[in-house]
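Examining the three-dimensional arrangement
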Amino acid sequence: MRNIGSSLQEVVSEDVAPAPRPNIILMMADNMGYMDPGCYGGGAVLGAPTPRMDQMAREGLKLTSFYSESQCSPTRSALMTGRLPIRTGYNSATPPGIMAGLSPNETTIAEVLSDAGYKTAMFGKWHLGDINESEPQNMGFDEWFGVLYHLNAYTQESRIGYDPDAELGKPIYALVEARRGENLTLVSPLNLTAVAFIDEQCVKRAVAYIQNQSDSTEPFFIYLPFTRTHFPSVQNPKWAGRSSRGPYGDGLMELDSYVGEVLDALQEKGIANNTIVVMTSDNGPTLDQWPDSGFSPFRGGIGTAYEGAVRVPCIFWWPGQIEAGKTSNEIMCAADLFSTFASLGGGAIPADRPIDGIDQSNFLLGGQNNSNREWVVWYLGSESAATTMPAAIRWHQFKIHFKTYDSFQGPASEYGQIPAVYNIEMDPREEHNIAGEHDFVVNAGIKIYRGLVASMRQYPNTPSRAFPNVAATAG
């Protein structure tokens, strides 16, 4: 059944997960455009073939209305905690060295699955804090290898006029690793040259982990957030010139090959039929970096609430369990991954706080045609609070904008009296405001907003989720 009137979703208890519990792998690109993969209309058409993501779509479920947050850190916070970023204090990306991060009061999907008996590992980009309490090895992962920040952070020292005294703190511009409860170990420094090889090294670790765990009686969870296709697209020599799209296309093809390496490792070890794999992106393209940027047919890019920023590719692959070759336009979002993975893995979702993610396992496994979600909401800007009106809401086929940013840099536009309304199925580029004849859509948005505010009052004793120096609200 659908979730109609609340931002919260109690776990739907249905017999959809076979025994033994599946391994879970979440792969996530950085700033990949909706139409970059061939299975979404791009690929070779745009000069950069993506045969392995296309294979995933042929053999699994392709979602065409899957939503991220508008920036990378908010999306990572949402999928890790199942909560709107406005609740966790991660409403925007944080710069290196700010001495802030995801609060240890939060419960991550890695902790939920670990408590349920899963082995947990992460290989890739974290971007949820660079202080000890907020690092992956202290947020539920048995081990991790990767980077703390967005890719361009590691190129700062190469920029004209760089002054180390201008740094906010002591950023860690290096590949790092740690096991649960340990302090970080610096593996190797990163610079404008070395960033080309981050994903290659992370995927080698991930494949080795799959091979090592393939005979284990305990299921595993791998979080593999790539640094591709974030700018700058410093070319790995193995892939330089492989596309006709320049460095961005070369990086996209490299990323696609890594998706294939993961799938191949599962097949070779004979565990593909008991592993669910998800491939998505943390947000849409960085249009202000074009041509070092992805492609979306929709309006807007990263930092906005337009479809181009928040509507991203998402493919679910699980041979024998998820119907092959299926496409669905039903709505899902990043926070749903938390609740869905918890359900599939038999994990306990926290009951002492609002959880905005919805268990979609029955929908994904074919038990129902409809998603359990009818709407998605976005808060933008550092002045946002959980008791203020959201920036935008998607409800059914409509998009409601109460406040907009034309780009990452702004400017902001306020719809003080009547919000903008678009029918994104008829008008996917959100160009024709139809608010005047669609009061019922605005009313639906207001009801959703009221439900969000009411959810705050249902948990009056919930401690603050904000860690020092991260702008946040109670909740």
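On a predicted model such as this, the values are computed, not experimentally measured, just so you know.

Quick notes on the rules
- Residues numbered from 1 in each chain as written.
- Predicted model: local features only at pLDDT ≥ 70, side-chain atom pairs only at ≥ 80, totals over all residues.
- Heavy atoms only, no water.
- Helix = DSSP H or I, 4+ residues; strand = E, 2+ residues; numbered from the N terminus.
- Rg over C-alpha atoms; globule rule 2.2 N^0.38 Å.
- Buried < 20%, exposed > 50% of the residue type's maximum accessible area, 1.4 Å probe, protein only.
- Areas by Shrake-Rupley, 256 points an atom, 1.4 Å probe, with all protein chains shown as cover.
- Lys, Arg positive; Asp, Glu negative; His and termini not counted.
- Charge placed at Lys NZ, Arg CZ, Asp CG, Glu CD.
- Phe/Tyr/Trp six-rings, centres within 6.5 Å; stacked < 30°, edge-to-face > 60°.
- Lys NZ or Arg CZ within 6 Å of the ring centre and 35° of its normal.
- pLDDT = per-residue confidence, 0-100.
- Contact = heavy atoms within 4.5 Å.
- Polar contact = N/O pair within 3.5 Å; in protein donor to acceptor, adjacent residues only side chain to side chain.
- Pairing = 2+ DSSP bridges.
- Axes fitted to C-alpha atoms, helices over the stretch in contact; angles between N-to-C directions.
- 1 Å grid on protein atoms, 1.4 Å probe; cavity = no way out; pocket = protein on both sides within 12 Å on 5 of 7 lines; lining within 4 Å.
- Points joined across faces, edges and corners; volume = space filled by probe spheres on them.
- Salt bridge = Lys/Arg side-chain N within 4 Å of Asp/Glu carboxyl O.

A count of helices and strands for the chain gives ten helices and 16 strands. What you see for the chain is a C-alpha radius of gyration of 21 Å, in line with the 23 Å of a compact globule of 475 residues. Along the first, second and third principal axes, the C-alpha atoms of the chain reach 60 × 55 × 50 Å. When each of the 475 residues of the chain is scored for burial, the buried share is 63%. Carbon together with sulfur atoms contributes 50% to the accessible area of the chain, which is approximately 17500 Å² in total. Considering the chain, the positive charge centre built from 34 side chains and the negative charge centre built from 52 side chains are found 1 Å apart.

Evaluation of the coordinates by the stated rule reveals 15 aromatic pairs. Between the aromatic rings of Phe398 and Phe440, the centroid separation amounts to 5.8 Å while the plane-to-plane angle is 85 degrees, which identifies the pairing as edge-to-face. Placement of Phe398 in strand 13 (residues 398-401) and of Phe440 in helix 10 (residues 439-457) is noted, with a sequence separation of 42 residues between them. For Phe398, a relative accessible area of 6% translates into the label buried. Here Phe440 falls in the partly exposed class, since its relative accessible area comes to 45%. Connected via pairs of aromatic rings, a cluster forms that spans Trp126, Phe141, Phe221, Tyr223 and Phe341. For Arg242, the ring lying beneath its charged end belongs to Trp239, and the centroid distance is 4.2 Å.

Quick look at the confidence of the model for the chain now. For the chain, mean pLDDT is 90; residues scoring 70 or higher make up 91% of the total. The model gives residues 468-475 a pLDDT under 50, and that stretch makes 25 contacts with residues more than four places away or in other chains.

Counting through the fold element by element, Asp356 comes out in the loop between helix 8 (334-345) and helix 9 (361-364). Of note is the side chain of Asp356, whose polar atom sits 2.8 Å from the backbone nitrogen of Leu84. A polar contact of 2.8 Å, which involves the side chain of Asp356, links it to the side chain of Arg87.

For the rest of this paragraph, the subject is the environment of Cys39. When you line up the elements, Cys39 lands in the loop between strand 1 (23-29) and helix 1 (51-59). Cys39 gets classed as buried once you look at its relative accessible area, which sits at 16%. Separated by 335 residues in the primary sequence, Cys39 and Glu374 have C-alpha atoms spaced 25 Å apart. Those residues within four positions of Cys39 in sequence are excluded, and the remaining contacts are Met53, Asp54, Ala57, Lys62 and Ile315.

Attention now goes to the sheet that holds strand 16 (residues 420-423). The strand order across the open sheet built from four strands is 11-12-13-16, with neighbouring strands paired in antiparallel fashion. Strands with a single pairing partner mark the edges of an open sheet, and in this sheet they are strand 11 (375-378) and strand 16. Taking the axes of each pair of neighbouring strands and ignoring which way they run, one obtains an average angle of 15 degrees across the sheet. As paired strands, strand 13 and strand 16 are joined by four bridges and run antiparallel to one another. Its bridge partner being in strand 16, Phe398 is matched across the sheet by Asn423. Where helix 10 meets the sheet, its contacts fall on strand 11, strand 12 (392-395), strand 13 and strand 16, and the angle it forms with strand 12 comes to roughly 110 degrees.

Take empty space enclosed by the protein next. Counted according to the given criterion, the structure contains two cavities of 30 Å³ or more. As a volume, the largest cavity reaches approximately 100 Å³. Lining of the largest cavity is provided by 15 residues; of these, Leu84, Cys333, Ala335, Asp356 and Arg373 occupy positions nearest its centre. Contributing elements (two or more residues each) for the lining of the largest cavity: helix 8 and strand 11. The element contributing the most residues to the lining of the largest cavity is strand 11, with three residues.

What follows concerns the pattern of salt bridges. Counted by the stated rule, this structure contains 19 salt bridges. Here Arg180 ties to Asp142 by a salt bridge, and the two come within 2.8 Å at their closest N and O atoms. Within this pair, whereas Arg180 is found in the loop between strand 5 (174-179) and strand 6 (185-189), its partner Asp142 is found in the loop between strand 3 (119-125) and strand 4 (143-147), the two being separated by 38 residues in sequence. By relative accessible area, which is 40% here, Arg180 ends up partly exposed. The salt bridge partner of Glu431 is Arg429, with a shortest N-O separation of 3.4 Å. Relative accessible area serves as the criterion here: at 37%, Arg429 is assigned to the partly exposed category. Through salt bridges with shared partners, a single network forms among Asp30, Arg76, Lys125 and Asp282.

Turning our eyes to something else, we now look at the sheet that holds strand 7 (residues 220-225). Spatially, 6-5-4-3-7-1-8-9-2-10 is the arrangement adopted by the ten strands of the open sheet, whose pairing is mixed. Two strands close off the open sheet at either side, each with one partner strand: strand 6 and strand 10 (326-333). Between one strand axis and the next, the sheet turns by 15 degrees as a mean value, whatever way the strands run. Inspection of the sheet shows strand 2 (residues 61-67) paired to strand 10 by six bridges, in the parallel sense. When the bridges of strand 10 are listed, Ser65 appears paired with Ile331.

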